[in-house]
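If you want the building blocks of each chain, they are given just below.
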Amino acid sequence: MATTAVAVLFGGRSSEHSISSATAAGVLRAIDRDRYRVVPVGITRDGAFVLEDDDPEKFALNPDRMPEVADNGTRVLWPEPAGDRELRVRRADGSVDSLGEVDVVLPILHGPHGEDGTVQGFFDTLQLPYAGGGVFDSALCMDKHFMKIVLQAAGIPVAPWVTVTAAQWANDPGAVRAAAAGLGIPSFVKPARAGSSVGVSKVHAADELDAALELAFAEDDKVLVEPAIVGREIEVAVLEGRGVDPARASLPGEIVLTTREFYDFEGKYLGGDGADVVCPADVTPSEIEDLQRMAVAAFDAVDGRGLARVDFFQTPTGLYVNELNTMPGFTPISMFPKCWIASGLSYGELITELVEVALARVPARA
């Protein structure tokens, strides 16, 4: 009988709500039920914590139906700090039931209010163990501007960039256009604090910049402009070590674009043509070593916890880290699990590893 209770937390207030819900479908389907008792907790788009159905099919992602956490009238009541870890639910009729003690939370949330350190701080305040990134690395890596600054300071190569705020764009668009032009064409425009390629555009000519900025500003009031680097898109998955063990890196994977301009939302999650996820990537043993070493160095530079996917550009002049994702795409077709599967760890085993690493950080209770 399963003795460890895992609250699987998904949904959320960000534009990546449906992707988080789709990830929940994969996790609910693959988690080791002999080892863990699962409590599915959804967050609606309005931010309500609700008790969800333990039904993977309900949250399966397909092009015709984006999964959603609906407000079913329940409210999950989290434990009080410094008390027991009993999770409760208030039903729609006002009655309150116990869901038993929860040992660890598995937050599979993407974007703001989930991947940016906010929910991590919430659980730190509740003194409730949770898997994945902590407050600092989550907040840092959510903001691509500051992430680049930290990686640069650690001696890790990153692509050049220009950061633009909504205020700068409103008050001096000419200066913004000039700064962007200095990076050359083509370029990419992306929100500083969003994921899943939401709000990202490739700019092929100067007259496309304004529309690209407006699209990105619809997601965030801080935006990055970067040159389009010519090179292979290589990604490495990283897992935190247990205790004093160092972090470890998977075999690298590659995003191979055929007809797509870039690895956009449809290519990542809806199985669109024109982009293939290949793992392991066709690279030499020495290249694997370099990629894994730099991936772990980047993870350590941001004080990484739990997991991260480190995205590279491999060019004739060397490697550049594009970004780190502290809760990367985690559906069964996503790069992070595929890289670990190629490295010998199944999807179910990967979920177990995340949970057990989180539990290993917590001193045993008397």
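This text follows the structure it describes.
Each value, and the rule that gives it
- Residues numbered from 1 in each chain as written.
- Predicted model: local features only at pLDDT ≥ 70, side-chain atom pairs only at ≥ 80, totals over all residues.
- Heavy atoms only, no water.
- Phe/Tyr/Trp six-rings, centres within 6.5 Å; stacked < 30°, edge-to-face > 60°.
- Helix = DSSP H or I, 4+ residues; strand = E, 2+ residues; numbered from the N terminus.
- Buried < 20%, exposed > 50% of the residue type's maximum accessible area, 1.4 Å probe, protein only.
- Salt bridge = Lys/Arg side-chain N within 4 Å of Asp/Glu carboxyl O.
- Axes fitted to C-alpha atoms, helices over the stretch in contact; angles between N-to-C directions.
- Parallel < 35°, antiparallel > 145°, perpendicular 65-115°, else oblique.
- Contact = heavy atoms within 4.5 Å.
- Nonpolar A, V, L, I, M, F, W, Y, C, P; charged D, E, K, R; others polar.

A. Main features of the packing of aromatic side chains. Taken as a whole, this structure holds nine aromatic pairs when the rule is applied. With a centroid separation of 5.0 Å and an interplanar angle of 70°, the aromatic rings of Phe10 and Phe59 are classed as edge-to-face. Note that Phe10 is positioned in strand β1 (residues 4–11) and Phe59 in the loop between β3 (49–51) and β4 (75–77), a separation of 49 residues in sequence. Here Phe59 falls in the buried class, since its relative accessible area comes to 0%. Members of the aromatic cluster, joined through ring pairs, are Phe49, Trp78, Phe122, Phe123 and Tyr130.

B. Broad picture of the pattern of salt bridges. Under the defined criterion, the tally for this structure stands at 24 salt bridges. Here Arg29 makes a salt bridge to Glu57, at a shortest N to O gap of 2.9 Å. With a gap of 28 residues between them, Arg29 in helix α1 (residues 17–30) and Glu57 in the loop between β3 and β4 connect regions that are remote in the sequence. Asp311 is the salt-bridge partner of Arg309, the closest N and O atoms lying 2.8 Å from each other. We classify Arg309 as buried; its relative accessible area is 11%. Using a relative accessible area of 7% as the deciding quantity, one classes Asp311 as buried. The structure contains a network of salt bridges with shared partners spanning Asp143, Arg193, Asp220, Asp221 and Lys222.

C. Up close: unusual backbone geometry. Across the junction of Ile185 and Pro186, the peptide omega takes the value 0°, indicating a cis bond. Cis geometry is found at the peptide bond from Cys279 to Pro280, where omega equals 5°. Along the polypeptide, Pro280 turns up in the loop between β15 (275–278) and α9 (285–301). Even without being a glycine, Gln127 presents a positive backbone phi close to 60°. If you check the backbone angles, Asp303 has positive phi at about 60° while not being a glycine. With respect to the helices, strands and loops of the structure, Asp303 is situated in the loop between α9 and β16 (307–315).

D. Structural view of the packing of α1 against helix α11 (residues 347–360). One way to put it is that α1 packs onto α11 with a least axis distance of 9 Å and a crossing angle of 95°. Classified by the interaxial angle, the pair formed by α1 and α11 is roughly perpendicular. On the side of α1, the interface is formed by Thr23, Gly26, Val27 and Ala30, while α11 contributes Tyr347, Gly348 and Ile351. The class makeup of the residues in the contact of α1 with α11 is four nonpolar, three polar and no charged.

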